Amino acid sequence: MSVERYPGRVGPANPMHAPTGRVILVRPMATRAAAPTPTVEAPTADSPSRPDSLVDIEQNPFAAVNHYFDLGANAAGVPQDYRLLLKTPYREMRVEVPVRMDDGRLEVFIGYRVQHNGARGPYKGGVRYHPEADLDEIRALASIMTWKTAVVDIPFGGAKGGIQCEPRGMSQRELRDMTRRYTQHISYILGPHRDIPAPDMNTNAQIMAWMMDAYGAKHGYTPGIVTGKPIELGGSPGREPATAQGLAFVLEAAAPQLDFKLDGARVAIQGFGNVGSWAARILARMGCTIVAVSDLDGGIYDDGGLDMPRLMRHVETEGTVVGFPDSGPISQEQLLTLECDILVPAALGGVIDARVAEKVRAPVIAEGANHPVTPAGEAVLERRGVIVLPDLLVNSGGVIVSYFEWVQNLQVYRWPLEQVNSELQRFITEAWRQVRSTSQQEQLSLRVAAYMIGISRVMEATRLRGFV
Ligand code: NAD
């Protein structure tokens, strides 16, 4: 594939081009502990790439994503004024979400929806419920979605949403009321041709069903308003395991080209939710030996390989991998630095920093999670020759099948599972081929090659539309 470059300025720098009027800057309720202040400022024409210190890049997720954006934009030859436009989120919405808790208390949660870029199609991205789901994190994840949907060439832009909350310990009734209220408050900027949420960390098909219902109460029956819904409500076969299935397809395509083996490979997985648990099951079926897994409560290890069907039954009854018979305990850091063939981070971002990266012993990392490796961690891994299969590509299976779900909703038709999986394989394998060949031709890391392709496509759509 040839990626078009943008060698010159497209137009004169104009402060009016910075859509700062649309950016609502708010200080998140809980600021991340290590973030310097101010964490993120609205970029200006004079200072297009703030924050620019190394500390910011390492500790602030939006700055870290923009660091990769700059590398990809350099490779693609994007002019400075367009960089400002492409980096700046189009719209950021912050809403209060009051919920009467079961014990009678009134709790006021803060929710966000960030629409990063819609040049290539409706905004698309998950909704995360997490104590650290602050504006910087949601911005970073929204920006990642812009480049991810472009790399795999599906007709969406990038968005992300979230509520800063600790969902563990909340009752189903509290979660439902919180979800409904959040959806009502952001519904003005949603729509099947405007912005389509999906599940992310601590959200699932049930939450999507509540979102669809809350939206439909005002707008009428609209299954295409969310993806990752239950199949009974218009969800797609294969959506639940899609992210992990996509990860497995990328590993399958990459293994012969990058000279590693899947059959018999020893795999360690951090996170045992949607992405992690499905990755464990699918990779085990493909002949890998899953030697370690972890969740928020801790990790487990079995040198001979964990028995997946038994582990799934254990998690169903106990709610955690911890305590699985015939396994030993392992800490999160021990798991990330375990001697194994493939490491799959599938939980939070930023877990592999420079210190951890020095100790990683897996020769291959497949990023199930979004931005699990920090820029400093990436530099160490690169120096040590560790292959990093980047999040933009590796975990894109979820949004690819979300695209198929949206198409089925618009068609009012259901595809069989075989069709979903073979189309997923086609899209993600083609994206892998393009990322790999760009990285070879341009002498770039796989991550920067993925950013270069994504940025070039968004840039071209922006130019064609005549935004500026
Ligand atoms: P999930 O809520 O289903 O599961 C998250 C898992 O991580 C749980 O097992 C949880 O216990 C564990 N976890 C949470 N904090 C942890 C910590 N500090 N240490 C160790 N484990 C921890 O979430 P998910 O949907 O599987 O998402 C996981 C990651 O994958 C996120 O980064 C998400 O953005 C990314 N992702 C998800 C999808 C999707 O379709 N669900 C798609 C692309 C990327």
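Preceding this section is the structure that the text describes.
Keep in mind that this is a model prediction, so the values were computed, not measured. (Residues numbered from 1 in each chain as written. Predicted model: local features only at pLDDT ≥ 70, side-chain atom pairs only at ≥ 80, totals over all residues. Heavy atoms only, no water.)

Details of the pairing of strand β2 (residues 106-117)
Which entries qualify depends on this criterion: When accessible area is computed with a 1.4 Å probe and restricted to protein chains, residues below 20% of their type maximum are described as buried, those above 50% as exposed, and intermediate ones as partly exposed. Secondary structure elements are taken from DSSP: a helix is a run of H or I of four residues or more, a strand is a run of E of two residues or more, and numbering for both begins at the N terminus. Pairing between strands requires that DSSP locate at least two bridges from one strand to the other.
Extensive coverage of β2 is indicated by the burial of nine of its twelve residues. Note: strand β1 (residues 91-100) against β2, ten bridges, orientation antiparallel. Paired with V99 across the two strands is E107, which belongs to β2. Note: β2 against strand β4 (residues 158-164), seven bridges, orientation antiparallel. The partner of I110 across the bridge, within β4, is Q164.

What to know about the pattern of salt bridges
Put simply, the test is: By definition, a salt bridge exists where a carboxyl oxygen of Asp or Glu is found within 4 Å of a side-chain nitrogen of Lys or Arg.
Tallying each qualifying case throughout the model produces 28 salt bridges. Two residues, K160 and D200, come together in a salt bridge whose shortest N-O distance is 3.2 Å. With a gap of 40 residues between them, K160 in strand β4 and D200 in the loop between β5 (195-199) and α6 (205-219) connect regions that are remote in the sequence. In terms of burial, K160 and D200 fall into one category: buried. Of the charged contacts in the structure, one is a salt bridge between D213 and R180, with a shortest N-O distance of 2.8 Å. Of this pair, D213 sits in helix α6 while R180 is found in helix α5 (residues 172-186), placing the two residues 33 residues apart along the sequence. Taking the relative accessible area as the measure of exposure, D213 reaches 43% and is therefore partly exposed. R180 sits in the partly exposed class, given a relative accessible area of 23%. Among the ionic contacts, a cluster of salt bridges with common partners joins D102, R173, R176 and D177.

Purely geometric numbers; function is a separate question.
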